[in-house]
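Structural characterization, general
Single-letter residue listing:
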Amino acid sequence: MTGISIGLEFGKKRINVSIFVTLLFLALSLIFLLPFAALAEDEVLPPESVEIPEPETVRGKVLAIERDHEKEQLYAEFSEGYEIEYYKVQIELKAGQDKGQLVEAEHVIDQRMVYK
């Protein structure tokens, strides 16, 4: 043999280093690029085909108001020294198409917005 053979030995087979590096590069490329390919496959509807219902204001009765201390603690580090209060409000609709339905809403009192 006149040339020098450089390779890696796996079991009893020898694999050329350049082939090994190429296969490794392809495998790593697939691993890193597959998540982006999945994002590209998401179907995006054009704005004309999405129906947005007209907002409707109806009467309701507030059944319960509960302060959400867990959420306040979760976002305390982002409050920049101002107090942010989160409330869960349970409302029974008294009129409209969904009369009698119970709705849960979130109410936020954010002192940061006072000075902006």
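Anyway, here's the lowdown on the structure attached to this text. Since the model is a prediction, treat every value here as computed from it, not as a measurement.

When helices and strands are tallied, the protein shows two helices and five strands. Listing each helix as α and each strand as β along the protein from the N terminus yields β-β-α-β-α-β-β. Expressed as a percentage of the 116 residues in the protein, the buried residues total 9%. Here the analysis covers contacts within the protein between residues at least 6 apart in sequence; of these, 41% occur between residues at least 24 apart. Summed over all atoms, the accessible surface of the protein reaches about 10800 Å², with 59% contributed by carbon and sulfur.

Here we come to a nonpolar patch on the surface. On the surface, a cluster of nonpolar side chains totalling about 670 Å² of accessible area is made up of Phe20, Val21, Leu24, Leu28, Ile31, Phe32 and Leu33. Following the sequence through the fold, Phe32 ends up in helix H1 (residues 17–40).

As summarised here, the arrangement of the three strands in space is S3-S4-S5, forming an open sheet in which the pairing is antiparallel. Only two strands of the sheet have a single neighbouring strand rather than two, namely strand S3 (60–67) and strand S5 (102–110). Each strand of the sheet is rotated relative to its neighbour by a mean of 30 degrees, with strand direction disregarded. With nine bridges connecting them, strand S4 (residues 84–93) and S5 associate as antiparallel partners.

With that settled, the discussion passes to the environment of Ala64. With respect to the helices and strands, Ala64 occurs in strand S3. Overall, the relative accessible area of 34% leaves Ala64 in the partly exposed class. A sequence separation of 27 residues divides Ala64 from Ile91, and the C-alpha atoms of the two residues are 7.3 Å apart. Those residues within four positions of Ala64 in sequence are excluded, and the remaining contacts are Lys88, Val89 and Gln90.

The next point concerns the environment of His107. Along the chain, His107 falls in strand S5. For His107 and Arg67, which are 40 residues apart along the polypeptide, the C-alpha to C-alpha distance reads 9.3 Å. Contacts of His107, omitting those with residues within four sequence positions, involve Glu85, Tyr86, Tyr87 and Val89.

Regular strands have side chains that alternate between both faces of the sheet. In this sheet, S4 lies alongside S3 in antiparallel orientation, the contact comprising seven bridges. From the neighbouring strand, Val62 faces S4, where its bridge partner is Ile91.

Reading the values: rules and limits
Here the residue numbering is sequential within each chain, running from 1 through the sequence in written order. Two thresholds apply to this predicted model, a pLDDT of at least 70 for residue-level local features and 80 or more for giving and counting side-chain atom pairs, whereas whole-chain, interface and lining totals are computed over all residues. Side-chain calculation: all heavy atoms of the structure are included, whereas hydrogens and water are not. Helical segments are the DSSP runs of H or I of at least four residues, strand segments are the runs of E of at least two, and each set is numbered from the N terminus. When accessible area is computed with a 1.4 Å probe and restricted to protein chains, residues below 20% of their type maximum are described as buried, those above 50% as exposed, and intermediate ones as partly exposed. Contacts are assigned to residue pairs with any non-hydrogen atoms lying within 4.5 Å of each other. Every accessible area reported is derived by Shrake-Rupley at a probe size of 1.4 Å, with residue values counting cover from the shown protein chains alone. Residues qualify for a patch when their relative accessible area is over 30% and they have no salt bridge, like charges being joined within 9 Å and the nonpolar side chains of Val, Leu, Ile, Met, Phe, Trp and Tyr within 5 Å. Between Lys or Arg on one side and Asp or Glu on the other, a salt bridge is scored when a side-chain nitrogen of the former is within 4 Å of a carboxyl oxygen of the latter. DSSP bridges decide pairing: two strands pair if at least two such bridges lie between them. Axis definition: a line fitted to C-alpha atoms, limited for helices to the stretch in contact. Angles are taken between N-to-C directions and run from 0 to 180 degrees.

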